[in-house]
Each structure stands twice: as C-alpha cells, then as structure tokens.
Amino acid sequence: MTDIALVTGANGSIGRHVAIALSHKGWTVHGIGHGSWGIEEQRSWGIERWVESDVSLAALRSLNTRPDIVVHCAGSGSVGASISDPYLDFRRTVSATADLLEFVRSDCPQATLVYPSSAAVYGIAGQFPIREDAPLRPASPYGAHKRLAEELVCDHARLFNLNTAVVRLFSIYGEGFRKQLLWDACRRISDDETEFFGTGLETRDWLHVSDAAELMICAADNAGPHCPVVNGGSGVAVTVADVVGELFYLMGKNDRPVFCGTERHGDPRDYQADISRAMVWGWQPSIDWRAGLSRYAAWFRKECGLA
C-alpha cells in the first residue's frame, strides 16, 4: 500500500514544493487549501487529490483518507496583514492548526505531523545566530500566532502521544514566489526604480524553498511525542543591500539601490539561524544565496517575458 501524505496549503509557494518533494520520494500526495492553479498544475506537483477549502475539521474529513504524514503549510504568511487584521490572522493560523490537530488526534493518530513555523516567534533577538532555546518575544501578531500554534502542536504531542515536529523557517525564497522582498525588488528593478524601504543594513537568513522542503521531510523522520523544534535557515546572515545589489547585477542593471531609511513595523532588524540541531539529523542546505538568487532572477525574467 502506498503511503499517503497530506499537505495543507499545497497550492502555496512552500506547500507546492513540499508536495513535489514528497511525490518524488514515492508518496501519494493529497492537498487542501486555496489557490488559482488548475488540476494540471497540481498534477505536475504530484498532488493526486485536492480539496478547495479552508483547513477545518469538516473539510479534512471530506478527504476520506487517513494520511501517514501531514505537513501543515496553510496559514497566514504576512506580518503586515496580521497587523491590519489580527483576528483573521489568528483564525488562519491558530484556529486552523487546532482543527488539524483534532483531525490527527481523532482520525489518524498514527500520522506524523510537521508544522512549519516561523523565525518571527523570536521577535527582537538578543544574540546571533539564534538558537532554538532563545527567548520567544514576537514583535507582531503574525509571530505571536505562530508561537501559539507551536504550543498547540507540542502540547497535543505530549498529551495524546502524537508524533510531531516544528520547523522555524527563516527567509524562504525560490522560483515561483510572487511576493516578499525578491519579487518586489525584481519588479522595481525591471521598472528602473532604485529606491527601497529600510536602511539596507538589515540582515536576513535566506533558505531556498527546495532545501526547506527537504528539511520538513527530514523533520518527519525525527518527529515524536517530544516534538523536536529546529531552525530552518542557511546559518548565514546577508544584508538586504547585498541581496538587492546582487539582483541589480543579475537583472543586467548598472544602477545601485538607494534605501530611504523607512522601516516596517513588526519586522526585526536582524535574523540569523543556528542550524546545528537540523544538521545533527543529517540535513544541510545545498543552495547558497548567490546561486539561489541567480535561479530566482532567471525565473523572474522568463515569467515576466524579459528573458
């Protein structure tokens, strides 16, 4: 019998790559969530069955399946949106996770659950690189809700003997991402704009989405009632100025970025992951940030008819 994987948010940028990675490893992948992609695109990602719905107990049961692994990629993905509508962010992140946990507890307690959380749970970190045992001081509703969802996952694992793991993702990027810094920067550069938010000195830890997907599968292999928590990053801090400057070069522009100094509320200045825990599992990132940016810029140019 073929093992079944359930990916929530499988139409999203991260969920899609998780589905692809699982399919390539021989899993039959089912998905649930929202998105504008058609059945042919979903099939190309390895998704055999799809339910167009919010993550709810009723929708999960409508799949009529008992998955062996669940990767919960659905949920809010924007700090800004969480600030403008914190209640909706709570529903998408915390309430949806509670429904998923009830589904696992009551319908498929043998399943392994991996929860992709966020480095936003750390908030304003005091030491770098950030270890998993660092204080959790979220600076936005987005981070606070991710922390609450983590607590639900770990408590359910302990109380109901479920196999779970949490991966705190840092700055995930890759081909197909149509939001966040890289998409916005490439769009501005292609329009001959040079001004960007922030100071340029902010640092981020970039992890290619294919490496993130492999880490989540690795986390499933190491899950348990103790609910291990690991960071998902490259372990390298790169300034925003260096990233945007590299994109100018890759987009064939001679200009350099200018930073206006305005900072976004809820965005910590610096991030860098300590990834030693994940590496103990035998995982390590395979795509460095410059190679990843080259791939992203090539995809962007082709996607926008600039190649």
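Residues numbered from 1 in each chain as written. Predicted model: local features only at pLDDT ≥ 70, side-chain atom pairs only at ≥ 80, totals over all residues. Heavy atoms only, no water.

### Section: the overall build of the chain
Now for step 1: On a plain count of helices and strands, the chain comes out with eleven helices and 13 strands.
Now for step 2: Its C-alpha atoms give the chain a radius of gyration of 19 Å, within 12% of the compact-globule value 19 Å for 307 residues.
Now for step 3: In terms of its C-alpha atoms, the chain occupies a principal-axis envelope of roughly 55 × 45 × 40 Å.
Now for step 4: In the chain, which comprises 307 residues, the share counted as buried stands at 51%.
Now for step 5: For the chain, contacts bridging at least 24 residues in sequence account for 78% of all contacts bridging at least 6.
Now for step 6: Within the structure as shown, the chain displays about 13,500 Å² of accessible surface, and the carbon and sulfur contribution to it stands at 49%. (Helix = DSSP H or I, 4+ residues; strand = E, 2+ residues; numbered from the N terminus. Rg over C-alpha atoms; globule rule 2.2 N^0.38 Å. Buried < 20%, exposed > 50% of the residue type's maximum accessible area, 1.4 Å probe, protein only. Contact = heavy atoms within 4.5 Å. Areas by Shrake-Rupley, 256 points an atom, 1.4 Å probe, with all protein chains shown as cover.)

### Things to note about the environment of alanine 98
Now for step 1: Turning to its location among the elements, alanine 98 is positioned in helix H5 (residues 86-107).
Now for step 2: Accessibility expressed as a relative area gives 31% for alanine 98, which makes it partly exposed.
Now for step 3: Note: C-alpha distance between alanine 98 and leucine 152 (54 residues apart in sequence) is 7.0 Å.

### Considering the pattern of salt bridges
Pairing between side chains of opposite charge can happen when the charged atoms of each approach one another.
Now for step 1: Here the structure, examined in full by the defined rule, presents 15 salt bridges.
Now for step 2: Measuring nitrogen to oxygen at the nearest pair gives 2.8 Å for the salt bridge that ties glutamate 150 to arginine 168. Of this pair, glutamate 150 sits in helix H6 (residues 141-160) while arginine 168 sits in strand E6 (residues 163-169), and the two are 18 residues apart along the sequence. When sorted by exposure, glutamate 150 lands in the same class as arginine 168, which is buried.
Now for step 3: Across the pair arginine 187 and aspartate 184 runs a salt bridge whose closest N-O atoms are separated by 2.8 Å. Taken together, the residues arginine 187 and aspartate 184, both in helix H7 (residues 180-190) and three residues apart, mark about one turn of the helix.
Now for step 4: By sharing partners, the salt bridges in this structure join Asp184, Arg187, Arg188 and Glu193 into a single network. (Salt bridge = Lys/Arg side-chain N within 4 Å of Asp/Glu carboxyl O.)

### With respect to empty space enclosed by the protein
Now for step 1: Under the defined criterion, the tally for this structure stands at one cavity of 30 Å³ or more.
Now for step 2: The computed volume of the largest cavity comes to approximately 30 Å³.
Now for step 3: Taken together, Ile172, Tyr173, Phe177, Lys179, Gln180, Leu182, Trp206 and Tyr296 make up the full set of residues lining the largest cavity. (1 Å grid on protein atoms, 1.4 Å probe; cavity = no way out; pocket = protein on both sides within 12 Å on 5 of 7 lines; lining within 4 Å. Points joined across faces, edges and corners; volume = space filled by probe spheres on them.)

### Digging into helix H9 (residues 240-250)
Now for step 1: Those residues of H9 lying buried are Val240, Val243, Val244, Gly245, Glu246, Leu247 and Phe248.
Now for step 2: Where H9 is buried, its residues meet H7, strand E8 (195-196), strand E10 (206-208), strand E12 (238-239), strand E13 (258-259) and helix H11 (289-303).
Now for step 3: After H9 finishes, the residue glycine 252 shows a positive phi value of roughly 75 degrees.

### Things to note about the packing of aromatic side chains
Now for step 1: Under the defined criterion, the tally for this structure stands at eight aromatic pairs.
Now for step 2: Plain terms: the ring middles of tryptophan 183 and phenylalanine 300 are 5.1 Å apart, the flat faces sit at 70 degrees to each other, and that makes the pair edge-to-face. Remark: phenylalanine 300 occurs in helix H11 and tryptophan 183 occurs in helix H7; sequence separation between them is 117 residues. The two residues tryptophan 183 and phenylalanine 300 agree in class, both being buried.
Now for step 3: Ring plane angle 75 degrees and centroid distance 6.1 Å describe the contact between phenylalanine 196 and phenylalanine 248, whose orientation is recorded as edge-to-face. One end of the pair, phenylalanine 196, is in strand E8; the other, phenylalanine 248, is in helix H9, and 52 residues separate them in sequence. Across the pair, phenylalanine 248 and phenylalanine 196 agree in class, each one buried.
Now for step 4: A connected cluster of aromatic rings, assembled from ring pairs, spans Trp183, Tyr296, Trp299 and Phe300.
Now for step 5: Geometry around phenylalanine 160 places arginine 105 over its ring, the cationic atom sitting 5.5 Å from the centre.
Now for step 6: Of note, arginine 188 hangs over the ring of phenylalanine 196, and the distance from its end group to the ring centre comes to 5.9 Å. (Phe/Tyr/Trp six-rings, centres within 6.5 Å; stacked < 30°, edge-to-face > 60°. Lys NZ or Arg CZ within 6 Å of the ring centre and 35° of its normal.)

### Points about the layout of surface pockets
Now for step 1: Computed from the structure, the second largest pocket encloses a volume of approximately 220 Å³.
Now for step 2: Going through the elements one at a time, helix H1 (13-24) and H11 are the ones with two or more residues in the lining of the second largest pocket.

### A closer look at the pairing of strand E4 (residues 69-72)
Now for step 1: Taking every second residue as pointing to the same face, both faces of E4 are buried, with Ile69 and Val71 on one and Val70 and His72 on the other.
Now for step 2: Two elements, strand E1 (residues 4-8) and E4, share four bridges in a ladder whose sense is parallel. When the sheet's bridge partners are listed, valine 7 is paired in E4 with valine 71.
Now for step 3: As paired elements, E4 and strand E5 (residues 112-118) share three bridges and run parallel to each other. Bridging across to E5, isoleucine 69 finds its partner in threonine 112. (Pairing = 2+ DSSP bridges.)

### Comments concerning the nonpolar core
Now for step 1: Counting 69 residues, the largest nonpolar core has Leu22 and Leu247 as the members making the most contacts within it.
Now for step 2: Counting 25 residues, the second largest nonpolar core, distinct from the first, contains Leu6, Leu60, Ala96 and Cys227. (Core = buried A, V, L, I, M, F, W, Y, C linked by side-chain atoms within 4.5 Å.)

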